[in-house]
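# Summary of the model geometry
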Protein chains: 2
Amino acid sequence: MNIGQASAASGVSAKMIRYYESIALLPAAGRRDSGYRDYGTEDVHRLSFVRRARDLGFSIPQIRSLLALWTDTDRSNDDVRAIAREHLAEMEDQARKLQEMITILTALVGSCEKGRRSACPIIEELGDHKPAPVARARATRRAA
Amino acid sequence: MNIGQASAASGVSAKMIRYYESIALLPAAGRRDSGYRDYGTEDVHRLSFVRRARDLGFSIPQIRSLLALWTDTDRSNDDVRAIAREHLAEMEDQARKLQEMITILTALVGSCEKGRRSACPIIEELGDHKPAPVARARATRRAA
DNA sequence: TGTAATCCTTCCCATCATGGGAGGGTCAAG
DNA sequence: CTTGACCCTCCCATGATGGGAAGGATTACA
């Protein structure tokens, strides 16, 4: 089938299919005499695999590993689990950071007085801190 | 002070300071005769503001709004709260999605048999689904 | 069969925030 | 005055994705 059909069948855009091929995430597709790429059910299978892995947030390098394990019939489940767990750890870390930011911002929003144009910690907090001890000596400036 | 000192004082890299200037997130810095950019404490203040906002995950457009509100003495706290809440909603949405993926992946890892090279749902799941109802009719292919 | 519509190809450009580096000018300390 | 650190402007790269142009292939329909 054509790249467009493979795209529809797998849910991966034609652009991305070509891109994945270009970075060797996927094997170069066969070509017809016309130069058109030609895909079979096996290819669609692989494409779907990639799409689902991306949906789960796996990075391209991780998907590369997963694909190798998938293709390799001698793969060990442990290897697969290891990659998945690695990704899981990353995601959990990301979730922790995100939650932290949510907590801070929620507190800021909560303590920013409604209506009145006065002390809003969102603004104060952002502006008033001096994060790094400045090493400024000669402020020989003429324009501000 | 020089861009390097402003960078050290604010925690924003010199590269980023120039970039922020180029996209007009920051006003163009004054120049000395040499062509060097020149910064004062006010500028460092603004830079720190930007950095902290970035640390909290605000996007550049959002920071642009916050900066305008910060600069504008007639700003209403409500405006600031609105932007913060908008960002908060985005972050919460992101956290939800992330948590969902974590749940799925955790389940998959849990049910992938240890050691034995057999049915590992991480692999099976990824490979066996047909996500999009294929619309292939005329598969006039010659090569598979 | 002719023609138009659709599809495919490659190549270039853009995104967003950030960094790296080259080539060349400036400044401060020795 | 030399030297090393700093700054300047450009250009390139990232990662994953999309847009679009120019041109060839295929298909659909009259």
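Placed above this text is the structure.
This write-up is about the structure you can find in this document. (Residues numbered from 1 in each chain as written. Chains lettered and ligands numbered in written order. Predicted model: local features only at pLDDT ≥ 70, side-chain atom pairs only at ≥ 80, totals over all residues. Heavy atoms only, no water.)

## Concerning the packing of aromatic side chains
Any two aromatic rings considered together are summarised by their centre-to-centre distance and by the angle between their planes. Residues and elements named next belong to chain A. Tallied over the full model, the rule gives 2 aromatic pairs over all chains. For the pair Tyr19 and Tyr20, a centre-to-centre distance of 6.0 Å together with 45 degrees between the ring planes defines the contact as tilted. Residue class for Tyr20 comes out buried when judged on its relative accessible area of 6%. (Phe/Tyr/Trp six-rings, centres within 6.5 Å; stacked < 30°, edge-to-face > 60°. Buried < 20%, exposed > 50% of the residue type's maximum accessible area, 1.4 Å probe, protein only.)

## Some words on the nonpolar core
The tendency in soluble globular proteins is for nonpolar side chains to be buried side by side. In terms of nonpolar packing, the biggest core is built from 37 residues, with Phe58(A), Leu67(A) and Leu105(B) touching the most fellow members. Ile17(B), Ile60(B), Ala84(B) and Ala95(B) belong to the second-largest nonpolar core, a separate cluster that totals 36 residues. (Core = buried A, V, L, I, M, F, W, Y, C linked by side-chain atoms within 4.5 Å.)

## Describing the protein's contact with DNA strand D
Within the structure, DNA strand D sits among 19 residues, and Lys15(A), Tyr20(A), Gly4(B), Arg18(B) and Arg31(B) are positioned closest to it. For DNA strand D, the fraction of protein-proximal atoms (within 4 Å) that sit in sugar or phosphate groups is 72%. Here a phosphate oxygen of DNA strand D and a side-chain polar atom of Ser34(A) are 3.4 Å apart. Broken down by element, the residue count for the surface near DNA strand D peaks at 4 residues, all from helix α2 (residues 14–22) of chain A. Residues belonging to the surface near DNA strand D are distributed by class as follows: 7 nonpolar, 5 polar and 7 charged. (Near = heavy atom within 4 Å. Polar contact = N/O pair within 3.5 Å; in protein donor to acceptor, adjacent residues only side chain to side chain. Helix = DSSP H or I, 4+ residues; strand = E, 2+ residues; numbered from the N terminus. Nonpolar A, V, L, I, M, F, W, Y, C, P; charged D, E, K, R; others polar.)

## Brief notes about the protein's contact with DNA strand C
What surrounds DNA strand C is a group of 19 residues, the closest being Gly4(A), Arg18(A), Arg37(A), Lys15(B) and Tyr36(B). Near the protein, meaning within 4 Å, the atoms of DNA strand C are sugar or phosphate in a fraction of 68%, with bases accounting for the rest. Within the contact set of DNA strand C, a phosphate oxygen lies 3.0 Å away from a side-chain nitrogen or oxygen of Ser13(B). Between a phosphate oxygen of DNA strand C and a side-chain N or O atom of Tyr20(B), the distance comes to 2.8 Å. Counting only elements with at least two residues in the surface near DNA strand C, the list comes to α1 (3–10) and α2 of chain A together with α2 (14–22) of chain B. Of the residues forming the surface near DNA strand C, the biggest block, 4 residues, is contributed by α2(B). Its residues assigned to classes, the surface near DNA strand C shows 7 nonpolar, 5 polar and 7 charged.

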